[in-house]
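Close look at the chain arrangement
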Amino acid sequence: YVQSLAQHRSRSEEMELKIAMENSKSVQSRDTNLADIPFGPVFHPSVEEFSQDPLKYIEAIRPLAEKYGICKIVPPAGWDPPFALDVDSDKTFSTKDQSIHRLQEGISFGDGKDYTIKGYQK
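All of the points below concern the structure found in this document.

By the criterion of burial, strand β4 (residues 110–115) is predominantly exposed, with just zero of the six residues buried. By the bridge criterion, four bridges tie strand β3 (residues 93–97) to β4 in an arrangement that is antiparallel. Note that in β4 the partner of D97 across the bridge is G110.

This part is about the packing of aromatic side chains. Applying the stated criterion to the full structure yields five aromatic pairs. Ring plane angle 85° and centroid distance 5.8 Å describe the contact between F50 and Y57, whose orientation is recorded as edge-to-face. Per residue, the accessibility class of F50 equals that of Y57, and both read buried. Residues Y115 and Y120 carry aromatic rings whose centres are separated by 5.2 Å and whose planes lie at 80° to one another, so their mutual orientation is edge-to-face.

So, about the pattern of salt bridges. Tallied over the full model, the rule gives three salt bridges. The residue R62 makes a salt bridge to E59 at a minimum N-O spacing of 3.7 Å. With R62 and E59 both in helix α4 (residues 54–68) and three residues apart, this pair spans about one turn of that helix. By relative accessible area, which is 48% here, E59 ends up partly exposed. One salt bridge connects E66 with R62, and the closest N-O pair in it is separated by 2.6 Å. Taken together, the residues E66 and R62, both in helix α4 and four residues apart, mark about one turn of the helix. Among the ionic contacts, a cluster of salt bridges with common partners joins E59, R62 and E66.

Residues L64, Y68 and I70 make up a contiguous nonpolar surface patch of about 290 Å² in total accessible area. Checked against the element boundaries, Y68 lands in helix α4. By relative accessible area, Y68 is classed as partly exposed at 41%.

Turning to the environment of S99, a few remarks are in order. Position of S99 among the secondary structure elements: in the loop between β3 and β4. S99 gets classed as partly exposed once you look at its relative accessible area, which sits at 21%.

This part is about α4. When the terminal C-alpha atoms of α4 are compared, their 20 Å separation across 15 residues agrees well with the 21 Å that a helix rising 1.5 Å per residue should span. The largest bend along α4 measures about 60° and falls at R62, with the proline P63 one to four residues further on. Buried-residue contacts for α4 involve β1 (42–43), α3 (47–51) and β2 (72–73). Once α4 finishes, G69 follows within two positions and takes phi at roughly 80°, a positive value.

Let's shift gears to the environment of T92. Position of T92 relative to the elements: it lies in the loop between β2 and β3. Looking at T92, the relative accessible area reads 54%, which means it is exposed. If we ignore the near neighbours within four places in the chain, the residues touching T92 are D114, Y115 and T116.

Cut-off values and rules
- For every chain, the first residue of the written sequence is number 1, and numbering continues from 1 onward in sequence order.
- In keeping with the predicted nature of the model, local features appear solely for residues at pLDDT of at least 70, side-chain atom pairs appear and are counted solely at 80 or more, and the whole-chain, interface and lining totals rest on all residues.
- With hydrogens and water stripped out, all remaining heavy atoms of the structure feed into the side-chain values.
- Per-residue accessibility, obtained with a 1.4 Å probe over protein chains only, is compared with the maximum for each type, and a residue is labelled buried under 20%, exposed over 50%, and partly exposed between these values.
- Numbering of helices and strands starts at the N terminus; helices are DSSP runs of H or I of at least 4 residues and strands are runs of E of at least 2.
- Strand pairing follows a simple DSSP-based rule, namely that at least 2 bridges must link the two strands.
- In this scheme Phe, Tyr and Trp rings, the latter by its six-membered ring, pair at centre separations within 6.5 Å, and the angle between planes marks the pair as stacked below 30 degrees, edge-to-face above 60, and tilted otherwise.
- The salt bridge definition used is simple: a Lys or Arg side-chain nitrogen within 4 Å of an Asp or Glu carboxyl oxygen.
- Patch construction takes residues with relative accessible area above 30% that form no salt bridge. Like charges are linked within 9 Å, and nonpolar side chains (Val, Leu, Ile, Met, Phe, Trp, Tyr) are linked within 5 Å.
- Every accessible area reported is derived by Shrake-Rupley at a probe size of 1.4 Å, with residue values counting cover from the shown protein chains alone.
- Multiplying one less than the number of residues by 1.5 Å gives the expected span of a helix.
- Bend, in this description, refers to the angle at a residue between axes fitted to the seven residues ending there and the seven starting there.
- Note on contacts: a residue pair qualifies if any of its non-hydrogen atoms lie within 4.5 Å across the two residues.

Rendered as structure tokens:
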């Protein structure tokens, strides 16, 4: 089965897959002590900072958060975000069939199905 999939890949995809497979089999030594890795910053915005426009707040803290690659934002107590999803919409979204156990065989995620919100909830 893996061989038949290989026939549909380009040479560069084949090489990348081969390298990835070899790298996944090798034991990687880690010289970094996990205790030496700094935690990402945690932000506690006020109701005023966060309620008007959360995305504006996120943009304001972005320069600091980017230095860590991650951050945590704890919304203010009582913050109740507006529900912004139109559940009656006929727009569809695509899913992926994520068979994680198949990745080690070099098989990528397959396409799932297209759903509307109501169709997905069933």
